[in-house]
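Chain residues, written in single-letter form:
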Amino acid sequence: MKKKVELSEQEQNELWLRFKTGDAEALGVLARSHFRLLFNYGLQFTKDREFIKDGIQDLFLELWSRREGLRESPFVTIYLLKALRNNLLRKLRQDKWLLEAESVESQDVPDWLTPESQTIQWEISQENQDRLKVALAQLSPRQQEIIFLRFYEGLSAEEITEVMKINPQSVYNLLHSALKQLKTSWIPESNLFFLALYQLLSAD
């Protein structure tokens, strides 16, 4: 497995500006550094892995063709998440897969919870990890999406508002309901619950 490319916000902005001037290599670096995040996020809308890969490829092709008219220095990660979300939902609607995208509550363990190379940074029992995965799988698709954005990617409430196109109060309400449901299903001590959640979603 290739090592994940880590870029600072400044490096991302510099690459973005280079890409806007016609530097295809800069766009390639942005694509590689964000692919895993975008792919995992795409799993919130469909389990069709090839569909997600095609969507990511189409996204970067579209960015290349529209590069001269794009914003000068957006928050690149937020911009790409938002753009992929819009593209996938539009294509799912066009292909009459809207039910899967908006209302089906999958009982499977979400793929983004079980990356092959996860390393737990603090000790946590396998039993607790398994229980948390099952609890997360019982959330609605939108609850899973907001948990992914908040804990896996570490976005702020304001950033989630922009990506999901919902108002700040809806972000807090959705996150609160998701965490309340997880705590109800989990039933450990509160501190252990949040430690386990952080470990599981931030491990890499």
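Small disclaimer: the values here were computed from a predicted structure and weren't measured. (Residues numbered from 1 in each chain as written. Predicted model: local features only at pLDDT ≥ 70, side-chain atom pairs only at ≥ 80, totals over all residues. Heavy atoms only, no water.)

Participant: Looking at this structure, I do not really get the overall build of the protein. What am I missing?
Facilitator: Counting its secondary structure elements, the protein contains 10 helices and 0 strands. Mapped from its N terminus to its C terminus, the protein presents α and β elements in the order α-α-α-α-α-α-α-α-α-α. By the burial criterion, 45% of the 204 residues in the protein qualify as buried. Within the structure as shown, the protein displays about 11,100 Å² of accessible surface, and the carbon and sulfur contribution to it stands at 50%. (Helix = DSSP H or I, 4+ residues; strand = E, 2+ residues; numbered from the N terminus. Buried < 20%, exposed > 50% of the residue type's maximum accessible area, 1.4 Å probe, protein only. Areas by Shrake-Rupley, 256 points an atom, 1.4 Å probe, with all protein chains shown as cover.)

Participant: It is not clear to me how helix H3 (residues 49–65) should be interpreted in this structure. Could you clarify?
Facilitator: Along an α-helix, residues three or four apart share an orientation, since each turn contains 3.6 residues. Here H3 contains 17 residues, and its C-alpha end-to-end distance of 25 Å stays within 8% of the 24 Å for a straight helix at 1.5 Å per residue. Of all the residues in H3, the buried ones are Phe-51, Ile-52, Gly-55, Ile-56, Leu-59, Phe-60 and Leu-63. The secondary structure elements touched by the buried residues of H3 are helix H1 (9–20), helix H2 (24–42) and helix H4 (76–94). (Expected span 1.5 Å × (residues − 1). Contact = heavy atoms within 4.5 Å.)

Participant: Looking at this structure, how should I read the nonpolar core?
Facilitator: Nonpolar side chains in soluble globular proteins tend to be buried together. In terms of nonpolar packing, the biggest core is built from 50 residues, with Leu-63, Ile-147 and Leu-149 touching the most fellow members. At the level of secondary structure, the elements contributing two or more residues to this core comprise H1, H2, H3, H4, helix H6 (126–137), helix H7 (141–152), helix H8 (157–164) and helix H9 (168–186). Residue contributions to this core peak at 10 residues, all from H4. Excluding residues within four positions of it along the chain, Leu-149 makes contact with Tyr-41, Leu-81, Gly-154, Leu-155, Ile-160, Val-163 and Met-164. (Core = buried A, V, L, I, M, F, W, Y, C linked by side-chain atoms within 4.5 Å.)

In short, shape yes, function no, at least from these values alone.
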